[in-house]
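Observations on chain architecture
Listed here are the chains, written in short residue letters.
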Amino acid sequence: MGFLLVEYPTVRKVYIDDVQAGATNTPFQVPNGRHRIDLGPNLNYEPSFRRVEVRGEPYEAPKTTSFDPA
């Protein structure tokens, strides 16, 4: 397991492999491996998804990715 931080200007739900797993701007635990990340069905953000590789990153230094408003 590792920690992921998804950055976005507001708080939104974060989906990992199509399952709600956390919220933006707060690190949360994710199984190690390659995952598809998105912010759900309201596609008012860019890009529409990201792929990330989680490799056991600690809470203090999570894997980080971001989305921008569309």
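All of the points below concern the structure found in this document.

The rules behind each value
Residues numbered from 1 in each chain as written. Predicted model: local features only at pLDDT ≥ 70, side-chain atom pairs only at ≥ 80, totals over all residues. Heavy atoms only, no water. Core = buried A, V, L, I, M, F, W, Y, C linked by side-chain atoms within 4.5 Å. Buried < 20%, exposed > 50% of the residue type's maximum accessible area, 1.4 Å probe, protein only. Helix = DSSP H or I, 4+ residues; strand = E, 2+ residues; numbered from the N terminus. Pairing = 2+ DSSP bridges. Axes fitted to C-alpha atoms, helices over the stretch in contact; angles between N-to-C directions.

1. A short note on the nonpolar core
- By size, the foremost hydrophobic cluster in this structure holds 13 residues, and its most contacted members are Leu-4, Val-6 and Ile-37.
- The set of elements that each furnish at least two residues to this core consists of β1 (2–7), β2 (13–16), β4 (28–30) and β7 (50–54).

2. Brief notes about the sheet that holds β1
- Taken together, 3 strands build an open sheet; the order of strands is β4-β1-β8 and the sheet is mixed. What marks the edges here is a single partner per strand, and that holds for β4 and β8 (63–66). For this sheet, the mean angle separating the axes of adjacent strands, direction not counted, is 40°.
- Bridge count for β1 against β8 is 4 bridges, and the pairing is parallel. Paired with Leu-5 across the strands is Thr-64, a residue of β8.

3. Focus on the pairing of β2
- Relative to strand β3 (residues 19–23), β2 runs antiparallel, the two sharing 4 bridges. From the neighbouring strand, Lys-13 faces β3, where its bridge partner is Ala-23.
- From the end of β2 to the start of β3, which pair antiparallel, there are 2 residues, and Asp-17 there has a positive phi angle of about 50°.
- Taken together, the 2 bridges between β2 and strand β5 (residues 33–38) define a ladder with antiparallel strand orientation. Bridge pairing in β5 places Ile-16 opposite Ile-37.

Fair warning: the whole summary comes from geometry, so function is off the table for now.
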